[in-house]
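Descriptive analysis of the structure
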Amino acid sequence: MSERRKVPEVGPIPEDLRDIYEQRFGKRSDQRVLLWETLVRAYFQRFIEPDDTVLDLATGYCEFINAVQCGTKIAVDLNPTAQEMAGPGVRVISASCTELPDDLTDTVDVAWVSNFLEHLGTSSELLATLRELHRVVRPGGRLLILQPNIRLTGARYWDFIDHSLPLTDRSLAEAVRVSGFVVERLKVRFLPYTAESRFPISPALIRLYLRLPPAQLLLGKQTFLVARRP
């Protein structure tokens, strides 16, 4: 029996998650799928090798894990919709972020966390989540975090009912280091806060944005962190 300390979930309970996501995003959007396919191919895939085991924590509608090219795909989410959205070959796990399955210990090459940590209730829950990721990421493996930065978003950070924990690039990096990771890259201003736009998603414009640091300095409200488990 595991002796790891359980930390109670503070965010939305599972039966609320489907309603929150559908209210915010609607059903699976072809535009969001196109957005993430483009982001993965143009930028995030460079951190992942073809044979890697990739874990997507709080996978949501599985846009990232479906798009990434790797050997083994694992999606973790309490939202039951994740099982419906996962592509072929994706292992879907319904588990707390602070209590991942024991069989994942030291097996993950890359752990991906996007727009999730702000939903945690306390700093203690954040650290427990990061330490759990440290347990499942193999020595030498990577942790990738894409995270809204309250220092850049200001009051807009609280526009979503399930945002609970304010984080800046500095507090995020500190928490990652305290949890045993070594921060290798910290891109303070990266992607815009939301993907909301009156215009259709344009892969060409996304790729152009990713190649233009001045545009990121102007519009970037999310921080991207790359860390490694020693």
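Placed above this text is the structure.
Residues numbered from 1 in each chain as written. Predicted model: local features only at pLDDT ≥ 70, side-chain atom pairs only at ≥ 80, totals over all residues. Heavy atoms only, no water.

Turning next to the pairing of strand E5 (residues 137–148). Of the strand pairs in this sheet, strand E4 (residues 108–114) and E5 are connected by six bridges, and their pairing is parallel. Counterpart to Val 110 in the pairing with E5 is Arg 142. Viewed along the sheet, the connection from E4 through helix H5 (residues 123–136) into E5 turns out right-handed. (Pairing = 2+ DSSP bridges. Helix = DSSP H or I, 4+ residues; strand = E, 2+ residues; numbered from the N terminus. Right-handed = clockwise from strand over helix to strand, strands pointing away.)

So, about the pattern of salt bridges. According to the stated counting rule, one finds eight salt bridges in the structure shown. The residue Glu 63 makes a salt bridge to Arg 32 at a minimum N-O spacing of 3.2 Å. Of the two residues, Glu 63 is situated in helix H3 (residues 63–67) and Arg 32 in helix H2 (residues 30–42); the sequence distance between them amounts to 31 residues. Of the residues examined, Glu 63 reaches a relative accessible area of 9% and is grouped as buried. Where Arg 229 meets Asp 106, a salt bridge forms, and the shortest distance between an N and an O atom there is 2.6 Å. With a gap of 123 residues between them, Arg 229 in the segment after strand E7 (222–228) and Asp 106 in the loop between strand E3 (90–93) and E4 connect regions that are remote in the sequence. (Salt bridge = Lys/Arg side-chain N within 4 Å of Asp/Glu carboxyl O. Buried < 20%, exposed > 50% of the residue type's maximum accessible area, 1.4 Å probe, protein only.)

With that settled, the discussion passes to the sheet that holds E3. Pairing is mixed across the open sheet formed by seven strands, whose spatial order is E3-E2-E1-E4-E5-E7-E6. Here the strands that pair on one side only, and so sit at the sheet edges, are E3 and strand E6 (182–187). If you compare each strand with its neighbour and ignore which way they point, the axes differ by 15 degrees on average. Where strand E1 (residues 53–57) meets strand E2 (residues 72–76), five bridges bridge the pair, whose relative direction is parallel. Residue pairing for E2: Thr 53 is matched across the bridge by Thr 72. Together, E1, E4 and E5 form the strand contacts of H5, whose direction differs from that of E5 by roughly 145 degrees. (Axes fitted to C-alpha atoms, helices over the stretch in contact; angles between N-to-C directions. Contact = heavy atoms within 4.5 Å.)

So, on to the nonpolar core. Of all hydrophobic cores here, the largest spans 36 residues; its most connected members are Leu 57, Leu 117, Leu 133, Leu 143, Ile 145 and Val 176. Going through the elements one at a time, E1, E2, E4, H5, E5, helix H7 (169–178) and E7 are the ones with two or more residues in this core. In this structure, Phe 44, Ala 86, Ile 201 and Phe 224 belong to the second largest nonpolar core, which totals 33 residues. (Core = buried A, V, L, I, M, F, W, Y, C linked by side-chain atoms within 4.5 Å.)

Two quantities define a packed helix pair, namely the angle between the axes and the distance from one axis to the other. Axis separation between H2 and helix H8 (residues 203–210) bottoms out at 10 Å; the angle between their running directions is 40 degrees. The orientation of H2 with respect to H8, classified from their angle, is oblique. Judged by the sense of rotation from one axis to the other, the crossing of H2 with H8 is right-handed. Where H2 approaches H8, its residues Leu 34, Leu 35, Thr 38, Leu 39 and Ala 42 are matched on the opposing element by Pro 203, Ile 206, Arg 207 and Leu 210. (Parallel < 35°, antiparallel > 145°, perpendicular 65-115°, else oblique. Left-handed = near helix turned anticlockwise from the far one by under 90°.)

Another point: H5. Counted at 1.5 Å a residue, the expected span for H5 with its 14 residues is 20 Å, and the 20 Å between its end C-alpha atoms agrees. For H5, the tally of buried residues reaches 10 of 14 residues, placing the bulk of the element in the interior. For H5, every residue scored as buried is listed here: Glu 125, Leu 126, Ala 128, Thr 129, Leu 130, Glu 132, Leu 133, His 134, Arg 135 and Val 136. The inward-facing, buried residues of H5 contact E1, E4, E5 and H7. (Expected span 1.5 Å × (residues − 1).)

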